[in-house]
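Each chain is listed here by its residues.
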Amino acid sequence: MNPFLSNPFDDDKLKEECGVFGVIGVADAASFTALGMHALQHRGQEAGGIVSYEPESGFNSARRFGYVRDNFTSRSVMDTLPGALAIGHVRYSTAGSKGATQIRDVQPFFGEFSAGGAAIAHNGNLTNAAALRRELIERGSIFQSGSDSECIIHLMARSIQRSVPERMKDALRRVEGAFSVIAMTRTKLIGVRDALGVRPLVLGRIGPEGSGAYALSSETCALDIVGAEFIREIEPGEMVVIEHGRIESSRPFGPATKGRFCIFEQVYFSRPDSILGGRSVYETRRQIGVELAREAPVEADLVCPVPDSGTPAAIGYSQESGIPYAMGIIRNQYMGRTFIEPTESIRNMGVRLKLNVNRALIRGKRVILVDDSVVRGTTSRKIKDMILDAGAAEVHFRIASPPTAWPCFYGVDTPDRDKLLAAKMTEEEMRDWIGVDSLKFISLDGLYRAAGEAEGRNRANPQFCDACFSGEYPVAPADMLEKGFQMKTAAE
């Protein structure tokens, strides 16, 4: 691995699949969409794409590898995407050619139907995609990508319904798993969430009421960047169709349910300046730190975040414990391509290329390090070594999520279960393996309290999807079960 072309620090983090954004009713919709995608870049850095529609030229698309800022800021590209209606997608692959994306895998996907053309962008993961793909290929469908999302386009093509929204409903009733989908026709912007609402989707208005301009987005932070007013979240199992300034809502999957929103969105995936479920993501993360300080106190001199995702929880831990907060680890924001040809010794620097310890602050101190999660544990060991090398007297890890012991099949790039440290070790064994003085994770109930559930987790009917912690999957992962994945047993 070339450490200058990737991010060695984040290789030990869970990664979201993607972010979606769409806008209707503005003169330069593709530029609005590019701004929204830029705000959602944290959800996917592998590639991005935009599809726009303009009556004279029809549908136009551009798909590129890399960051939004490097691809969708040049006038030469944006001039090819005219129109008042556009959707976009930023990708981190969890399905298809994972880790080696082909340009054909980059969304949005486009299809021409008897009812007219339509493009779709999907955040999430279909747990029955392999079975659907086999069925569709046997019936004559020709797939162009390795993405599970393409199944939706083929299912729409086979629907006997006349309108694109009705074809989408037909298609989405066949798929299982997690999906927030944004789609567009020549005149409509469409947004839909699966019945459990695992992945996020929000609605905003651009300009004054009555302007007819609206945006759909994975997160509210992308509404902020285009100056849109947040209206509401699309509800679990809801479809909205926006056309000529009107919003129509329907429920393709039956009556409304409470849903099972992904709790890891609160812990790590979403930007801290977003609002989820009516709550500030930042405040939830700060409250996680408060709960951690109550559940797992320890005598120490400093509370230091592992940047940047551990910062709000570290602030909360410091406030509740009274132990001073300090920036004991500094993140190098500008690590990227370099003229240096990496030798073996350079590659071995690993995490040090991304993070550096504030030695003058750390020396001789008992340090509490607050991080968002432990996945494989390799990064935690390297950070511990850096802190001890800087002269720390003690190192205590406090983790702002429960142990990640189960893989996610709903749109998160999770290692196989045998690669997850918490699937193989107890908390004490993990502490010894990482080599720290103490290691404590927030409890599942503590996490739920921080997320606004005062009574903690309802074991009979959990309020969130927490399968990566609990092993309780709200939708059976059919494709993985077919491959031999073993679900949680009663004894576990």
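Residues numbered from 1 in each chain as written. Predicted model: local features only at pLDDT ≥ 70, side-chain atom pairs only at ≥ 80, totals over all residues. Heavy atoms only, no water.

**Student:** I would appreciate a short explanation of the overall build of the chain in the present structure.
**Tutor:** When helices and strands are counted, the chain shows 18 helices and 25 strands. What you see for the chain is a C-alpha radius of gyration of 23 Å, in line with the 23 Å of a compact globule of 492 residues. Structurally, the chain occupies a C-alpha span of about 70 × 55 × 45 Å along its principal axes. Taken over 492 residues, the chain has a buried fraction of 58%. Sequence-distant contacts in the chain: of pairs separated by 6 or more residues, those separated by 24 or more amount to 69%. For the chain, the accessible surface area stands at approximately 19800 Å², while carbon and sulfur atoms represent 49% of it. Seen as two clouds, the 58 positive and the 62 negative side-chain charges of the chain have centres 2 Å apart. (Helix = DSSP H or I, 4+ residues; strand = E, 2+ residues; numbered from the N terminus. Rg over C-alpha atoms; globule rule 2.2 N^0.38 Å. Buried < 20%, exposed > 50% of the residue type's maximum accessible area, 1.4 Å probe, protein only. Contact = heavy atoms within 4.5 Å. Areas by Shrake-Rupley, 256 points an atom, 1.4 Å probe, with all protein chains shown as cover. Lys, Arg positive; Asp, Glu negative; His and termini not counted. Charge placed at Lys NZ, Arg CZ, Asp CG, Glu CD.)

**Student:** Help me understand the pattern of salt bridges, please; the structure alone is not making it clear to me.
**Tutor:** Should the charged atoms of two oppositely charged side chains come close, the side chains can pair. Evaluation of the coordinates by the stated rule reveals 32 salt bridges. Between glutamate 265 and arginine 199 there is a salt bridge, with the nearest N and O atoms lying 3.3 Å from each other. Linking glutamate 265 in helix α8 (residues 264–269) with arginine 199 in the loop between β9 (189–193) and β10 (202–206), this pair joins segments that are 66 residues apart in sequence. According to the relative accessible area criterion, arginine 199 is buried, its value standing at 0%. For glutamate 291, the salt bridge identified is with arginine 294, shortest N-O distance 3.7 Å. Remark: arginine 294 and glutamate 291 occur in helix α9 (residues 281–295); sequence separation between them is three residues, near one turn of the helix. Three or more residues joined by partner-sharing salt bridges are found here, namely Glu291, Arg294, Glu295, Glu320 and Arg449. (Salt bridge = Lys/Arg side-chain N within 4 Å of Asp/Glu carboxyl O.)

**Student:** How should I be thinking about the packing of α9 against helix α10 (residues 311–321) in this particular structure?
**Tutor:** When two helices pack together, their arrangement is given by the angle between the helix axes and by the axis-to-axis distance. Viewed as axis vectors pointing N to C, α9 and α10 meet at an angle of 45°, and their least axial separation amounts to 6 Å. The orientation of α9 relative to α10 falls into the category oblique. Where α9 crosses over α10, the two elements pack in a sense that is right-handed. Every residue of α10 that contacts α9 at Tyr282, Arg285, Arg286, Gly289, Val290, Leu292, Ala293 and Arg294 is listed here: Pro312, Ala313, Ile315, Gly316, Tyr317, Gln319, Glu320 and Ser321. (Axes fitted to C-alpha atoms, helices over the stretch in contact; angles between N-to-C directions. Parallel < 35°, antiparallel > 145°, perpendicular 65-115°, else oblique. Left-handed = near helix turned anticlockwise from the far one by under 90°.)

**Student:** How should I be thinking about the nonpolar core in this particular structure?
**Tutor:** When a protein is soluble and globular, its nonpolar side chains tend to lie buried together. Membership of the largest hydrophobic core comes to 69 residues, with the highest contact counts inside it found for Leu369, Ile387 and Phe397. Among residues more than four places away in sequence, those in contact with leucine 369 are Cys304, Val306, Ile329, Ile383, Ile387, Val395, His396, Phe397 and Arg398. Residues Phe21, Ala30, Leu40 and Val90 belong to the second largest nonpolar core, which totals 27 residues. (Core = buried A, V, L, I, M, F, W, Y, C linked by side-chain atoms within 4.5 Å.)

**Student:** Can you walk me through the sheet that holds strand β21 (residues 366–371) in this structure?
**Tutor:** With respect to topology, four strands assemble into an open sheet ordered β18-β21-β22-β24, the strand pairing being parallel. Two strands lie at the open edges of the sheet, namely β18 (302–305) and β24 (438–441), each paired on one side alone. Neighbour-to-neighbour, the strand axes of this sheet turn through a mean angle of 20°, independent of strand direction. The sheet contact formed by strand β22 (residues 394–399) and β24 spans four bridges and is parallel. Looking across to β24, one finds that arginine 398 is bridged to lysine 440. The sheet contacts of helix α13 (residues 378–389) involve β21 and β22, and relative to β22 the element is tilted by about 145°. Each of β22 and β24 is contacted by helix α15 (residues 427–434), which is oriented at about 135° to β24, the strand it contacts most. (Pairing = 2+ DSSP bridges.)

**Student:** Quick question: what am I supposed to make of the environment of serine 470 here?
**Tutor:** Note that serine 470 resides in helix α17 (residues 467–470). Counting along the chain gives 440 residues from serine 470 to alanine 30, while the straight-line C-alpha distance between them is 41 Å. A polar atom in the side chain of serine 470 sits 2.6 Å from the side chain of aspartate 466. (Polar contact = N/O pair within 3.5 Å; in protein donor to acceptor, adjacent residues only side chain to side chain.)

**Student:** How do you make sense of the confidence of the model for the chain when you look at a structure like this?
**Tutor:** Detail in the predicted coordinates should be disregarded across regions flagged by low pLDDT. Taken as a whole, the chain shows an average pLDDT of 90; of its residues, 90% reach a score of 70 or greater. Segment residues 1–10: pLDDT under 50, and 34 contacts once partners within four positions in sequence are set aside and those in other chains are kept. Throughout residues 336–341 the model reports pLDDT below 50, and contacts reaching past four residues in sequence, or to other chains, amount to six contacts. (pLDDT = per-residue confidence, 0-100.)

**Student:** Even after reading the chapter, I still don't get the packing of aromatic side chains, so can you show me in this structure?
**Tutor:** Here the distance between the centres and the angle between the planes together describe a pair of aromatic rings. Tallied over the full model, the rule gives 13 aromatic pairs. Arranged with centres 6.3 Å apart and planes meeting at 85°, the rings of phenylalanine 264 and tyrosine 268 form a pair that is edge-to-face. Taken together, the residues phenylalanine 264 and tyrosine 268, both in helix α8 and four residues apart, mark about one turn of the helix. Classification of phenylalanine 264 by relative accessible area gives buried; the value is 1%. When the ring of tyrosine 448 is compared with that of phenylalanine 464, the centres are 5.3 Å apart and the planes differ by 80°; the resulting orientation is edge-to-face. Of the two residues, tyrosine 448 is situated in helix α16 (residues 444–450) and phenylalanine 464 in strand β25 (residues 464–465); the sequence distance between them amounts to 16 residues. For the pair tyrosine 448 and phenylalanine 464, a shared accessibility class is recorded, and that class is buried. A network of ring pairs unites the aromatic residues Trp406, Phe409, Tyr410, Tyr473 and Phe485 as a single cluster. The ring of tryptophan 433 has arginine 381 lying over it, and the distance from NZ or CZ to the ring centre is 4.1 Å. (Phe/Tyr/Trp six-rings, centres within 6.5 Å; stacked < 30°, edge-to-face > 60°. Lys NZ or Arg CZ within 6 Å of the ring centre and 35° of its normal.)

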